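Below are the chains, spelled out letter by letter.
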Amino acid sequence: MKLIGSLTSPYVRKVRIVAMEKHIELEFVVDVPWHPDTKVSEFNPLGKVPVLVLDDGATLFDSRVIVEYLDTVTPVSRLIPEGNRQRIAVKRWEALADGITDSAALIFIERAQRAPEHQSHDWIVRQEQSVFRGLEAMSEELGEKKWCTGDLMNLSDIAAGCALGYLDFRFPDIQWREAHPNLAKLADRLNALEPFKETLPKA
Ligand code: GSF
């Protein structure tokens, strides 16, 4: 299987960490969808990464579909529980974490790719509110627990760790660690793991 993605994408990072945790080897092809010579749209009509290309040539996107697929390829280290309520709780955490990333990425694009006079202040504030409310929700739901859901690390923790890692990477000025020490503890625990270390975003 081949994974197409960039070294900065938090969604690609989530997939790479899931594959490493599951001991699934993926050929990693670096392709940045913003570059003029990108081939991403040949594999994903949406032109976004990550894309997983299966051995028979079938393609999977987006990251949530890919991680769900990878989790069922082998029973090693189940990252999405089978019970309906637990499974949905994990998927909900993933939606929350990815949603924070979506809003943060929109702010980054607005600031990095539009001239200051074309940037919308209201749009940026709206996305910032979504990031801050999302962080508050993650913090409240984590409470004093070691992991986001259940007794072992699973996809909810990986998704949360990738969202927090993306904030560290693109928005070092957001003081989420001070505001939410329990999320900081979770991030420290995750960042000490080999798959997180190996996939640190690189500009
Ligand atoms: C988001 C993928 C995405 O926005 C997922 O896979 O979970 N919901 C999707 N990917 C970005 C790169 S990054 O911000 O991670 C992307 O490929 N953008 C290219 C574009 O043209 O929007």
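Keep in mind the model is a prediction, meaning the values are calculated, not measured. (Residues numbered from 1 in each chain as written. Predicted model: local features only at pLDDT ≥ 70, side-chain atom pairs only at ≥ 80, totals over all residues. Heavy atoms only, no water.)

A.B. asks: Is there a simple way to explain the packing of helix α1 (residues 10-21) against helix α6 (residues 155-170) in this structure?
C.D. replies: What describes two packed helices is the angle between their axes and the distance between those same axes. Viewed as axis vectors pointing N to C, α1 and α6 meet at an angle of 140°, and their least axial separation amounts to 9 Å. Here α6 runs oblique to α1, going by the angle between their axes. α1 and α6 meet at a crossing whose hand is right-handed. Of the residues in α6, those touching α1 at P10, R13, K14, I17, V18 and E21 are L155, I158, A159, G161, C162, G165 and Y166. (Axes fitted to C-alpha atoms, helices over the stretch in contact; angles between N-to-C directions. Helix = DSSP H or I, 4+ residues; strand = E, 2+ residues; numbered from the N terminus. Parallel < 35°, antiparallel > 145°, perpendicular 65-115°, else oblique. Left-handed = near helix turned anticlockwise from the far one by under 90°. Contact = heavy atoms within 4.5 Å.)

A.B. asks: Can you help me understand the pattern of salt bridges in this one?
C.D. replies: Where charged atoms from two side chains of opposite charge approach closely, those side chains can pair. Applying the stated rule across the entire model yields 15 salt bridges. Its salt-bridge partner being R177, residue D168 comes within 3.2 Å of it at the nearest N-O pair. One salt bridge connects K197 with E194, and the closest N-O pair in it is separated by 3.8 Å. Here the residue K197 and the residue E194 both occupy positions in helix α9 (residues 194-198), the gap between them amounting to 3 residues, near one helical turn. Residue E194 is classed as partly exposed on the basis of its relative accessible area, which comes to 45%. Through salt bridges with shared partners, a single network forms among K14, R64, E68, R87, K91, E94 and D98. (Salt bridge = Lys/Arg side-chain N within 4 Å of Asp/Glu carboxyl O. Buried < 20%, exposed > 50% of the residue type's maximum accessible area, 1.4 Å probe, protein only.)

A.B. asks: Whenever I open this one, the site of the ligand confuses me. Can you help?
C.D. replies: In the region of the ligand, the neighbouring residues are S9, P10, Y11, P33, W34, G47, K48, V49, P50, D62 and S63. Here V49 contributes a backbone N or O atom positioned 2.8 Å from an oxygen atom of the ligand. At 2.5 Å from an oxygen atom of the ligand is found a side-chain nitrogen or oxygen belonging to S63. If the ligand stood free it would expose 530 Å²; the protein chains cover 78% of that surface. (Near = heavy atom within 4 Å. Polar contact = N/O pair within 3.5 Å; in protein donor to acceptor, adjacent residues only side chain to side chain. Areas by Shrake-Rupley, 256 points an atom, 1.4 Å probe, with all protein chains shown as cover.)

A.B. asks: Hey, could you run me through the sheet that holds strand β1 (residues 2-5) in this one?
C.D. replies: Reading across from one edge, β2-β1-β3-β4 is the order of the 4 strands in this open sheet, with mixed pairing throughout. Either end of the sheet is taken by a strand with one partner, and the two such strands are β2 (27-30) and β4 (59-60). α1 rests against β1 and β2 of the sheet, and its axis sits at about 155° to β1. Against the sheet, helix α3 (residues 63-73) makes contact with β3 (51-53) and β4, and its axis sits at roughly 40° relative to β3, the strand it touches most. (Pairing = 2+ DSSP bridges.)

A.B. asks: When you look at the pairing of β2 in this model, what are you seeing that I'm missing?
C.D. replies: Consecutive side chains of a regular strand alternate in pointing toward one face of the sheet and then the other. Direction of pairing for β1 relative to β2: parallel, over a ladder of 4 bridges. Of the residues in β2, the one forming a bridge with L3 is F28. Regarding the hand of the β-α-β motif, the stretch spanning β1, α1 and β2 is right-handed. (Right-handed = clockwise from strand over helix to strand, strands pointing away.)

A.B. asks: What should I look at first to understand the environment of F108 in this one?
C.D. replies: If you trace the backbone, F108 turns up in helix α4 (residues 84-113). Take F108: its relative accessible area is 27%, and that puts it in the partly exposed class. For the pair F108 and R170, spaced 62 residues apart in the sequence, the C-alpha separation amounts to 7.4 Å.

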